[in-house]
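# Observations on chain architecture
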Amino acid sequence: MGWEFQTKAQYSDFAPLTTTDQNFSLSITYPDLSVDDSLQVIQIGFEITTRFAGGNMGTGSITFSNLEAFVVGEEQPVPTWLGYEIDENGWANTGDFLGYIFAAAAPWVWSLTLQNWMYVPATEASEGGEWMYIVK
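Here we summarise the structure given alongside this text. All values derive from a computational prediction rather than experimental measurement.

### Here we look at the overall build of the protein chain
- Each helix and strand in the protein chain was counted, giving zero helices and seven strands.
- Each helix (α) and strand (β) of the protein chain, taken in turn from the N terminus, gives the series β-β-β-β-β-β-β.
- Considering only contacts within the protein chain whose residues lie at least 6 apart along the sequence, 20% involve residues at least 24 apart.
- Summed over all atoms, the accessible surface of the protein chain reaches about 12200 Å², with 53% contributed by carbon and sulfur.

### As for the sheet that holds strand 6 (residues 116-119)
- In space, the five strands of this open sheet follow the order 3-4-5-6-7, with antiparallel pairing throughout. The outermost strands of the open sheet, each flanked by one partner alone, are strand 3 (91-93) and strand 7 (133-134).

### A word on the packing of aromatic side chains
- Here the structure, examined in full by the defined rule, presents five aromatic pairs.
- With 5.4 Å between their ring centres and 65° between their planes, Trp91 and Phe102 make a pair best called edge-to-face. Placement of the pair is Trp91 in strand 3 and Phe102 in strand 4 (residues 100-102), with a sequence separation of 11 residues.
- Through a chain of ring-to-ring contacts, three or more aromatic side chains come together here, namely Trp108, Tyr119 and Tyr133.

Procedures and definitions
- Residues numbered from 1 in each chain as written.
- Predicted model: local features only at pLDDT ≥ 70, side-chain atom pairs only at ≥ 80, totals over all residues.
- Heavy atoms only, no water.
- Helix = DSSP H or I, 4+ residues; strand = E, 2+ residues; numbered from the N terminus.
- Contact = heavy atoms within 4.5 Å.
- Areas by Shrake-Rupley, 256 points an atom, 1.4 Å probe, with all protein chains shown as cover.
- Pairing = 2+ DSSP bridges.
- Phe/Tyr/Trp six-rings, centres within 6.5 Å; stacked < 30°, edge-to-face > 60°.

Shown next as structure tokens:
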């Protein structure tokens, strides 16, 4: 598909290898999609060539030790309901206000204390309180 060996100078780094052990670190940052929205293929590797040795190349080896690789994404904002954090299962602990609320289906929320659904149209907490409608 033409993706292999494609380099983008502003995002690529090259380091020459020597005959002695050397430490190195490698990291990448994806381009801003508003600047470059092309398909991003990450390639990490080595090219062995005689281009820099005047055409003469003997035998050799490349040895790696203690390699680690990981992807770190941008932190995502924690979802909230009326200012209360919603956990990964959809629950918000409102404390003395309403106790535990299943808020993943807001504006319809499930009250663990009342064991009932409530309709809470507010999207932000206000000092004057909130209107809520409880299913009968």
